[in-house]
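# Working through the structure, step by step
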Amino acid sequence: QVQLVESGGGLVETGGSLRLSCAASGQTTTTYNMAWFRQAPGKEREFVVIASLLNNDWTTYADSAKGRFTLSRDVAKNTVYLQMDKLGPGDTAVYYCAAEETYSILARQYKYWGQGTQVTVSS
């Protein structure tokens, strides 16, 4: 009942930037939280950032993202953006958008997921 569409992935060199977008559509009335996770080959899916659509101050970043990644919101459009700066090879992964009623850093708590967008950082 909720669809998520990501965009903005691509190939960048070390130190470069990308801006990811995630738009939610469908029955989003109670989908209060949107988050980004990422998964590199051979690794578990890991939390990047979560944002509440009810309160702009409710944002939680993973340690790996603090100081480099910035999440912004367009609540009216149920859309979030992830500005990623100072990218390094360790950021290479498929980035997934997720949405759920629960404010959580745990991937298992999320019901709705996008298809993912590839981010590749060359060394």
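One can find the structure itself at the top, above this paragraph.
Here's what I pulled together on the structure shown here. (Residues numbered from 1 in each chain as written. Predicted model: local features only at pLDDT ≥ 70, side-chain atom pairs only at ≥ 80, totals over all residues. Heavy atoms only, no water.)

## Considering the packing of aromatic side chains
To keep things clear, this is the line we draw: Pairing of aromatic rings covers Phe, Tyr and the six-membered ring of Trp, with a centre-to-centre limit of 6.5 Å; geometry is then stacked below 30 degrees between planes, edge-to-face above 60, and tilted otherwise. Working definition: helices are DSSP H or I runs of at least four residues, strands are E runs of at least two. Numbering for both runs from the N terminus. Summary of the burial criterion: residues with accessible area below 20% of their type's maximum are buried, those above 50% are exposed, and those between are partly exposed, where the area comes from a 1.4 Å probe applied to protein chains only. Any Lys NZ or Arg CZ found within 6 Å of a ring centre and within 35 degrees of that ring's normal is scored as a charge over the ring.
Under the defined criterion, the tally for this structure stands at five aromatic pairs. Here the aromatic rings of Phe-37 and Tyr-110 are separated by 5.4 Å at their centres, their planes lie at 75°, and the arrangement is edge-to-face. With Phe-37 in strand E4 (residues 33–39) and Tyr-110 in the loop between strand E9 (93–100) and strand E10 (112–113), this pair connects stretches of sequence that are 73 residues apart. The exposure class assigned to Phe-37 is buried, which follows from its relative accessible area of 1%. With 5.3 Å between their ring centres and 50° between their planes, Phe-37 and Trp-113 make a pair best called tilted. Taken together, the positions of Phe-37 in strand E4 and Trp-113 in strand E10 put the pair 76 residues apart, joining distant regions of the chain. We note Arg-19 situated over the ring of Tyr-81; from NZ or CZ to the ring centre the distance is 4.1 Å. In this arrangement the basic side chain of Arg-45 is found over the ring face of Trp-113, its NZ or CZ atom lying 4.8 Å from the centre.

## What to know about the pairing of strand E3 (residues 18–26)
On any regular strand, side chains alternate: one points to one face of the sheet, the next to the other face. We count it as follows: By this definition, two strands are paired if DSSP reports at least two bridges between them.
Pairing between strand E1 (residues 2–7) and E3: six bridges, direction antiparallel. Residue pairing in the sheet places Val-2 in a bridge with Gly-26 of E3. With six bridges connecting them, E3 and strand E8 (residues 79–84) associate as antiparallel partners. Pairing of Leu-18 across the sheet is with Met-84, part of E8.

## Focus: the environment of Val-75
Cut-off, in case you're wondering: Every residue pair with non-hydrogen atoms within 4.5 Å of one another is taken to be in contact.
The topology assignment puts Val-75 in the loop between strand E7 (69–74) and E8. Remark: the alpha-carbon pair of Val-75 and Ser-52, spanning 23 residues in sequence, is separated by 9.4 Å. Look past the residues within four positions of Val-75 in its chain and what remains in contact with it is Leu-53 and Asn-56.

## Details of unusual backbone geometry
Most peptide bonds take the trans configuration, and most residues that are not glycine carry a negative phi. We note that Asn-78 has phi near 50°; this positive angle belongs to a residue other than glycine. Along the chain, Asn-78 falls in the loop between E7 and E8. For Asn-78, a relative accessible area of 17% puts it in the buried group. For Lys-86, which is not a glycine, the phi torsion comes out positive at approximately 50°. With respect to the helices, strands and loops of the structure, Lys-86 is situated in the loop between E8 and E9.

## Considering the pattern of salt bridges
A side chain with one charge can pair with a side chain of the opposite charge if their charged atoms come near. What counts, and what does not: For this document, the term salt bridge refers to a Lys or Arg side-chain nitrogen within 4 Å of an Asp or Glu carboxyl oxygen.
By the definition in use, this model includes four salt bridges. Residue Asp-91 pairs with Arg-38 through a salt bridge whose shortest N-O separation is 2.9 Å. With Asp-91 in the loop between E8 and E9 and Arg-38 in strand E4, the pair connects residues that are 53 residues apart, well separated along the chain. Taking the relative accessible area as the measure of exposure, Asp-91 reaches 4% and is therefore buried. Notably, a salt bridge pairs Arg-68 with Asp-91, separated by 2.7 Å at the nearest N-O pair. Separated by 23 residues along the polypeptide, Arg-68 in the loop between strand E6 (59–61) and E7 and Asp-91 in the loop between E8 and E9 bring together distant segments of the chain.

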